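Each chain is listed here by its residues.
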Number of protein chains: 2
Amino acid sequence: MKPTDAELEILQVLWENGPSSVRVVNDTLNESREVGYTTTLKLLQIMHDKGLVSRNTESRSHIYTAQVSQENVQKDLLNKFLDLAFQGSASKLVMQLLGNERTSPSELDEIKAIIQEIENKQS
Amino acid sequence: MKPTDAELEILQVLWENGPSSVRVVNDTLNESREVGYTTTLKLLQIMHDKGLVSRNTESRSHIYTAQVSQENVQKDLLNKFLDLAFQGSASKLVMQLLGNERTSPSELDEIKAIIQEIENKQS
DNA sequence: TTGTATCTACGAAGCATTTCGTATTAATAC
DNA sequence: GTATTAATACGAAATGCTTCGTAGATACAA
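Residues numbered from 1 in each chain as written. Chains lettered and ligands numbered in written order. Predicted model: local features only at pLDDT ≥ 70, side-chain atom pairs only at ≥ 80, totals over all residues. Heavy atoms only, no water.

## Notes on the pairing of strand β3 (residues 63–66) of chain A
Residues and elements named next belong to chain A.
Working step 1: Of the two faces of β3, the one holding Y64 and A66 is buried and the one holding I63 and T65 is not buried anywhere.
Working step 2: Where strand β1 (residues 20–21) meets β3, 2 bridges bridge the pair, whose relative direction is antiparallel. Of the residues in β3, the one forming a bridge with S20 is Y64.
Working step 3: As paired elements, strand β2 (residues 53–56) and β3 share 4 bridges and run antiparallel to each other. Bridge pairing links S54 to T65 in β3. (Buried < 20%, exposed > 50% of the residue type's maximum accessible area, 1.4 Å probe, protein only. Helix = DSSP H or I, 4+ residues; strand = E, 2+ residues; numbered from the N terminus. Pairing = 2+ DSSP bridges.)

Okay, structure coming up:
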């Protein structure tokens, strides 16, 4: 339940595309960076061993499916990152995040909406 | 400017304690987990080679000082993490963060204040 | 049926990170 | 001065992750 960086990249593809062959995953990865076919294959096999993906071997080209949800993985990674880099302080993290110029006004609006929602739930 | 996990742990100590000897850093690390003295020493030497820390060798026990600011490192790590795990979407990250039960009401208040501040600046 | 393309399996190399053991040097105490 | 303690230097083992090469099997086309 804690994928490595390369594994996470592959999971992103599977979450986005749904169940996919090695060929499709590898082609998708190659849109952003060069990766060898057998590298992707090997990683998917490792991920299968770890239980991160399942696979259907009926046809010659196996079809892989993510066995962990994007939400759970993100939650896991975020908690680890929060502890490691921000000593568990969510507000410090948000401060860095929003202090960056990278956050657009529309994202800021979305974030405000999220906070609204949480407060509504709590009251 | 992108420390490994073990290096980050050490930087946290230096940011917190200020310039410190290997002994102090190692003792501090050992409060949370077991680390050998020479392990900490070696890491500090590597970090020195990388320019992450400087050191004063006047006395026999060298004194190490962080050469990167907590803010810059956090910003760097956060941006990488944001891209890798949340495809660059700050709002998705915040949604995960605040959806977790781990965020206390007081932290929520702080975050609201941060957003207020940013909006004030922008207008 | 022979060649070509495409797939899986798998071992192992290549790297980066972490950890530790050993040698050496310097300070301190007796 | 000698023994003990505590520091640095540094090589190298251990580990984990990523990448690739090669072998073998299967489909398909000429």
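Read on, since the account is not over.
## Regarding the protein's contact with DNA strand D
Working step 1: Surrounding DNA strand D, one finds 21 residues, the nearest of these being T4(A), A6(A), R23(B), Y37(B) and R55(B).
Working step 2: When atoms of DNA strand D within 4 Å of the protein are split into backbone and base, the sugar-phosphate part holds 60%.
Working step 3: Contact distances for DNA strand D include 2.4 Å between a phosphate oxygen and a side-chain N or O atom of R23(B).
Working step 4: Separating a phosphate oxygen of DNA strand D from a side-chain N or O atom of R55(B) is a distance of 3.0 Å.
Working step 5: Elements with a contribution of two residues or more to the surface near DNA strand D: α1 (5–17) and α3 (37–50) of chain A together with α2 (22–32) and α3 (37–50) of chain B.
Working step 6: The element that contributes the greatest number of residues to the surface near DNA strand D is α3(B), accounting for 5 residues. (Near = heavy atom within 4 Å. Polar contact = N/O pair within 3.5 Å; in protein donor to acceptor, adjacent residues only side chain to side chain.)

## As for the sheet that holds β3(A)
Two modes of strand pairing occur in sheets, parallel and antiparallel, and in both the strands are linked by backbone hydrogen bonds.
Residue and element names in this part refer to chain A.
Working step 1: One open sheet accounts for 3 strands, arranged β1-β3-β2; its pairing is antiparallel. Among the strands making up the open sheet, the edge pair consists of β1 and β2.
Working step 2: α1 rests against β1, β2 and β3 of the sheet, and its axis sits at about 95° to β3. (Contact = heavy atoms within 4.5 Å. Axes fitted to C-alpha atoms, helices over the stretch in contact; angles between N-to-C directions.)

## Topic: the protein's contact with DNA strand C
Working step 1: What surrounds DNA strand C is a group of 21 residues, the closest being R23(A), Y37(A), Q45(A), R60(A) and T4(B).
Working step 2: Within 4 Å of the protein, the atoms of DNA strand C are drawn from sugar and phosphate moieties in a proportion of 61%.
Working step 3: A distance of 3.4 Å separates a base nitrogen of DNA strand C from a polar atom in the side chain of K42(A).
Working step 4: In terms of residue count, α3(A) provides more of the surface near DNA strand C than any other element does, 5 residues in total.
Working step 5: For the surface near DNA strand C, the residue count by class is 5 nonpolar, 8 polar and 8 charged. (Nonpolar A, V, L, I, M, F, W, Y, C, P; charged D, E, K, R; others polar.)

## Digging into the pattern of salt bridges
All names here are of chain B.
Working step 1: Across all of its chains, the model carries 9 salt bridges over all chains by this definition.
Working step 2: Between E7 and K50 there is a salt bridge, with the nearest N and O atoms lying 2.8 Å from each other. Linking E7 in helix α1 (residues 5–17) with K50 in helix α3, this pair joins segments that are 43 residues apart in sequence.
Working step 3: Classification of K50 as partly exposed rests on a relative accessible area of 49%. (Salt bridge = Lys/Arg side-chain N within 4 Å of Asp/Glu carboxyl O.)

## As for the relation of the copies chain B and chain A
Working step 1: The transform that puts chain B on chain A rotates by 180° and translates by 0.0 Å along the axis, for an RMSD of 0.1 Å. Both copies of the chain, as the preceding transformation shows, are related through a two-fold rotation axis. Across chain B, the smallest distance between a C-alpha and the rotation axis is recorded for V94(B), namely 3.7 Å.
Working step 2: The fraction of interface residues of chain B whose copies in chain A are also interface residues reaches 100%, indicating that both copies meet through the same surface. (Least-squares fit on C-alpha atoms with pLDDT ≥ 70 in both.)

## Observations concerning the interface of chain B and chain A
Working step 1: Between chain B and chain A, the contact holds 41 residues from the first and 41 residues from the second.
Working step 2: Here chain B and chain A share an interface that buries about 4,200 Å² over both sides, 63% of which is from carbon and sulfur atoms.
Working step 3: Counting the surface chain B buries against chain A, the share from its top three residues, L78(B), L84(B) and R102(B), is 13%.
Working step 4: Run the count over chain B and chain A and you get 0 salt bridges.
Working step 5: At the junction of chain B and chain A, the tally comes to 14 residue pairs in polar contact (both at pLDDT 80 or more).
Working step 6: Breaking the side of chain B that touches chain A down by element, the ones donating at least two residues are α1, α4 (70–86), α5 (90–99) and α6 (105–122) of chain B.
Working step 7: A per-element tally of the side of chain B that touches chain A places α4(B) first, with 13 residues.
Working step 8: When its residues are assigned to classes, the side of chain B that touches chain A shows 19 nonpolar, 13 polar and 9 charged. (Buried area = accessible area lost by both parts, 1.4 Å probe.)

So far we have only geometry, and geometry alone does not tell us how the molecule works.
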